[in-house]
Amino acid sequence: MYYIIINPASKSGRGLHIWQKLEPLLLEKKIPYQAMISKGKGDIAKLTRQITETVPDANLILLGGDGTVNEALQGICDLEKASIGYIPTGSSNDLARDMRLSKDPVKILEMILSGVSHKADLGTLSYGHNKNQQRYFAVSSGIGFDAAVCEEALSSRIKDILNKLKLGKLTYLGIALKQLVVAKPISCELYLDGGPAIHVDRFLFIASMIRQYEGGGFRFCPTANASDGLLDLCFVGNLPKLFILFALPTAFWGKHFIFPHIQHYRASQVEIKTSAPLWVHTDGEVSFQSDHIYLSCEKHKINFLL
């Protein structure tokens, strides 16, 4: 039995249209399934919780973007028992890009149904009093500039227009340039695996990556490996805004580390303190600001049906 959750709003309404193309394949192969359509924000987490409370080892198939996968992760009762099949219908699709999935959703569904699977790492973000609040992430988590870009993109009307023109990547680039102009100087302390503080008087953002890409194709951590048990960090600090204007486009090809003050780190445990609360995202989903967060990587925590 496959439990299929469709985000109809993904890619400006194309999610439901793609599902209508896929359903005949399941019917033709006489594969048992139950399809559910999410009705709004938070509904996907509720659905995955309801399913996995009853069937802990459920086979889930998600039609949506990176945010759909992220929301599903928050609801799954036992992440080590459930299995996830992912058919990208979003605008950024950084998870699909890293996994090198076909652009043909029918081919992806056929791969999922073939029974092939693999284990992948999972990131955990902890925050709040005594780290009492948590969120999981499958792609990346960031604080500062990249999260501010995600926060604005989530409510951007331009995003819907560009998605329809198949130019969704330009949404993030345009908003990034705007956020760069308005970004204020903030200091930061970074701790890797309990080591001494790495202090920067002015920083722009820190992206903690399970995968190579975020933000619609920015290859912030070209060496990130989703099965090594480590977070790869892209740390941008003390770099004049003019230099960032040149550096940012090079991140599409992962060449940004040639610029001074753009650093690459690797660790399994990360602590970040900032001098003021900043937006924080998990897989592009933004819901809060914080000045103190903890991140960790759990090796081979989730199972993908691909």
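Refer to the structure printed above.
Attention here is on the structure that accompanies the text. (Residues numbered from 1 in each chain as written. Predicted model: local features only at pLDDT ≥ 70, side-chain atom pairs only at ≥ 80, totals over all residues. Heavy atoms only, no water.)

A word on the overall build of the protein chain
Moving on, step 1. When its secondary structure is counted, the protein chain shows nine helices and 13 strands.
Moving on, step 2. Along the longest, intermediate and shortest principal axes, the C-alpha atoms of the protein chain span 60 × 40 × 30 Å.
Moving on, step 3. Across the protein chain, contacts joining residues at least 24 apart in sequence account for 71% of those joining residues at least 6 apart. (Helix = DSSP H or I, 4+ residues; strand = E, 2+ residues; numbered from the N terminus. Contact = heavy atoms within 4.5 Å.)

Considering the side chain of His281
Moving on, step 1. Along the chain, the position of His281 falls in strand S12 (residues 269–282).
Moving on, step 2. Residue classification places His281 among the buried positions, given a relative accessible area of 2%.
Moving on, step 3. With near-sequence residues (within four places) excluded, His281 lies in contact with Ser140, Ser141, Gly142, Asp146, Ala147, Cys150, Glu214 and Val286. (Buried < 20%, exposed > 50% of the residue type's maximum accessible area, 1.4 Å probe, protein only.)

Looking at unusual backbone geometry
Moving on, step 1. Look at Lys131: it is not a glycine, yet its phi comes out positive at around 55 degrees.
Moving on, step 2. If you trace the backbone, Lys131 turns up in the loop between strand S5 (118–127) and strand S6 (133–137).
Moving on, step 3. One non-glycine residue, Asp283, lies in the positive phi region at around 55 degrees.
Moving on, step 4. Of the residues examined, Asp283 reaches a relative accessible area of 7% and is grouped as buried.

What about the packing of helix H2 (residues 43–54) against helix H3 (residues 66–75)?
Moving on, step 1. Running from N to C, H2 and H3 point in directions that differ by 45 degrees, and their axes come no closer than 7 Å. Judged by the inter-axis angle, H2 sits oblique to H3. In the packing of H2 onto H3, the handedness of the crossing is right-handed. Where H2 abuts H3, its residues Asp43, Ile44, Ala45, Thr48, Arg49 and Thr52 lie against Thr68, Glu71, Ala72, Gln74 and Gly75.
Moving on, step 2. The class makeup of the residues in the contact of H2 with H3 is three nonpolar, five polar and three charged. (Axes fitted to C-alpha atoms, helices over the stretch in contact; angles between N-to-C directions. Parallel < 35°, antiparallel > 145°, perpendicular 65-115°, else oblique. Left-handed = near helix turned anticlockwise from the far one by under 90°. Nonpolar A, V, L, I, M, F, W, Y, C, P; charged D, E, K, R; others polar.)

Examining the packing of aromatic side chains
Moving on, step 1. Scanning all chains against the criterion turns up nine aromatic pairs.
Moving on, step 2. Judged by centre distance (6.2 Å) and plane angle (75 degrees), the ring pair of Phe203 and Phe235 falls under edge-to-face. Highlighted residues: Phe203 in strand S9 (residues 198–209) and Phe235 in strand S10 (residues 231–237), separated in sequence by 32 residues. Assigned by exposure class, Phe203 and Phe235 land together as buried.
Moving on, step 3. Centroid distance Phe252 to Trp253: 6.3 Å. Interplanar angle 80 degrees. Geometry classified as edge-to-face.
Moving on, step 4. A residue is classified by how much of its surface remains accessible, and Trp253, at 57% relative accessible area, is exposed. (Phe/Tyr/Trp six-rings, centres within 6.5 Å; stacked < 30°, edge-to-face > 60°.)

Regarding the side chain of Glu71
Moving on, step 1. Tracing the backbone through its elements, the reader meets Glu71 in helix H3.
Moving on, step 2. This buried residue, Glu71, is left without a salt bridge; Lys41 holds the nearest opposite charge, at 5.6 Å.
Moving on, step 3. A distance of 3.4 Å separates a polar side-chain atom of Glu71 from the backbone nitrogen of Ala45.
Moving on, step 4. Residues within four places of Glu71 in sequence aside, it is in contact with Gly40, Lys41, Gly42, Asp43, Ile44 and Ala45. (Lys, Arg positive; Asp, Glu negative; His and termini not counted. Salt bridge = Lys/Arg side-chain N within 4 Å of Asp/Glu carboxyl O. Polar contact = N/O pair within 3.5 Å; in protein donor to acceptor, adjacent residues only side chain to side chain.)

Re the environment of Met209
Moving on, step 1. Examined against the element boundaries, Met209 turns out to sit in strand S9.
Moving on, step 2. In this structure the C-alpha to C-alpha distance between Met209 and Ser91, which are 118 residues apart in sequence, comes to 19 Å.

A few points about the pattern of salt bridges
Moving on, step 1. Applying the stated criterion across every chain, the model contains seven salt bridges.
Moving on, step 2. Arg266 serves as the salt-bridge partner of Asp228, at 2.4 Å between the closest nitrogen and oxygen. One end of the pair, Asp228, is in the loop between S9 and S10; the other, Arg266, is in strand S11 (residues 262–267), and 38 residues separate them in sequence.
Moving on, step 3. Residues joined by salt bridges that share partners form a network here, namely Glu80, Glu298 and Lys301.

As far as function goes, none of this settles anything; it's purely spatial.
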